[in-house]
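Each chain, letter by letter, is given below.
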Amino acid sequence: MISLTDFMVVSAVLFCIGLYMIVSKHNAIQILIVIELMLNAAILNLVAFGRYDRVANSGQMFALFAIVLAAATTAVALAIILNVYKRYKTIDPGKIDNLKD
Amino acid sequence: MSMVQFLFYLMSFIALASALFVAATKNLVRSIFMFFITLLALAGLYVLAMADFVAITQVVIYVGGILVLILFAFMLSGKENLNYISEQQNKFISIGKLPAILLAVLFLIVLVNVAINIHPDSLPWIQKSVAYKNYIQPDAAMTENIGVNLMTRYLLPFEAISILLMIALVGAAHLSRKEAKP
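Residues numbered from 1 in each chain as written. Chains lettered and ligands numbered in written order. Predicted model: local features only at pLDDT ≥ 70, side-chain atom pairs only at ≥ 80, totals over all residues. Heavy atoms only, no water.

Chemist: Mind showing me how you'd approach the overall build of chain A here?
Modeler: A tally of regular secondary structure across chain A gives three helices and zero strands. Against the 2.2 N^0.38 benchmark of 13 Å for 101 residues, chain A shows a C-alpha radius of gyration of 17 Å, more extended than a compact globule. Taking the principal axes of the C-alpha coordinates as reference, chain A spans close to 55 × 25 × 15 Å. Buried residues in chain A amount to 59% of all 101 residues. Relative to all contacts within chain A whose residues are 6 or more apart in sequence, the contacts with residues 24 or more apart total 56%. As displayed, chain A has an accessible area near 3800 Å², and 67% of this comes from carbon and sulfur atoms. Measuring between centres, the 8 positive side-chain charges of chain A sit 7 Å from its 6 negative side-chain charges. (Helix = DSSP H or I, 4+ residues; strand = E, 2+ residues; numbered from the N terminus. Rg over C-alpha atoms; globule rule 2.2 N^0.38 Å. Buried < 20%, exposed > 50% of the residue type's maximum accessible area, 1.4 Å probe, protein only. Contact = heavy atoms within 4.5 Å. Areas by Shrake-Rupley, 256 points an atom, 1.4 Å probe, with all protein chains shown as cover. Lys, Arg positive; Asp, Glu negative; His and termini not counted. Charge placed at Lys NZ, Arg CZ, Asp CG, Glu CD.)

Chemist: It is not clear to me how the pattern of salt bridges should be interpreted in this structure. Could you clarify?
Modeler: Any two side chains of opposite charge can pair, so long as their charged atoms come close to each other. Residues and elements named next belong to chain A. Enumeration according to the criterion identifies one salt bridge over all chains in this entry. Salt-bridge contacts for Lys-95 lead to Asp-92; the nearest nitrogen and oxygen are separated by 3.9 Å. On the basis of relative accessible area, Lys-95 is assigned to the partly exposed category, the value being 49%. For Asp-92, a relative accessible area of 7% corresponds to the buried category. (Salt bridge = Lys/Arg side-chain N within 4 Å of Asp/Glu carboxyl O.)

Chemist: Help me understand the packing of helix α1 (residues 4–24) of chain A against helix α5 (residues 98–117) of chain B in this model?
Modeler: Two elements in contact, α1(A) and α5(B), have axes whose closest approach is 9 Å; the angle formed by their N-to-C orientations is 165°. Taken together, the axis directions place α1(A) and α5(B) in an arrangement best described as roughly antiparallel. The two elements α1(A) and α5(B) meet at a crossing, and its hand is right-handed. Contacts from Thr5(A), Met8(A), Val9(A), Ala12(A), Val13(A), Phe15(A), Cys16(A), Leu19(A), Tyr20(A), Val23(A) and Ser24(A) of α1(A) reach α5(B) at Ala100(B), Ile101(B), Leu103(B), Ala104(B), Phe107(B), Leu108(B), Leu111(B), Val112(B), Ala115(B) and Ile116(B). (Axes fitted to C-alpha atoms, helices over the stretch in contact; angles between N-to-C directions. Parallel < 35°, antiparallel > 145°, perpendicular 65-115°, else oblique. Left-handed = near helix turned anticlockwise from the far one by under 90°.)

Have a look at this one:
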């Protein structure tokens, strides 16, 4: 049986890789991918702890909800990125610096 | 070392290595395809945590849905985008990225310290769950239980999620609509 500490360490490392990328990258699509990576690190923790709740399945259930929410977020964020690209011809979040008017 | 432990270390090595590759590579398409590998390895980790239904959902929704959507948007956004990505200088470690590295490393230290020092296997509720045999056995079939729980105990979050999904659908369709001619 794998100890919970192992799962927590793996998920912590994944989360920190995501944190590094989210601060250092200059590309909105890559930042979107990395947000998915960090969500997955959190889901790994939910699932690992959810093993100890056989009756109510709370961990797995909220892992499923998190996956569905990530899907919804990605659809909206991609639509926003496409619109930003149409308007500014770049998807570097650091270069998008003026409002509509 | 038992087979399960070996598989766990293998899967987590694949997940971490491909995540590092996603972080290090200059090529956006390559990083998207390496992210496939990360997600599949994470699905393997979910199976090892006895959550087979979540693993299947991960493969179907993430790998089948989200990544295809990202690739689709990436291909739609045109050739200038590709050129722009190849021309940005992108060394993995440079002085401009020092704050990011510092932030990530300090966060990692904190998180790993927490993970080691709370001794998660001896938390009270986990001890109780082990004592009452309330943990998932390797041969248990949990999908039926998940379905029953989804329709009884978690019905309110389920409905809230469904409303939110519809709002997101309408919002995405509205955002990606062609603007009307003035």
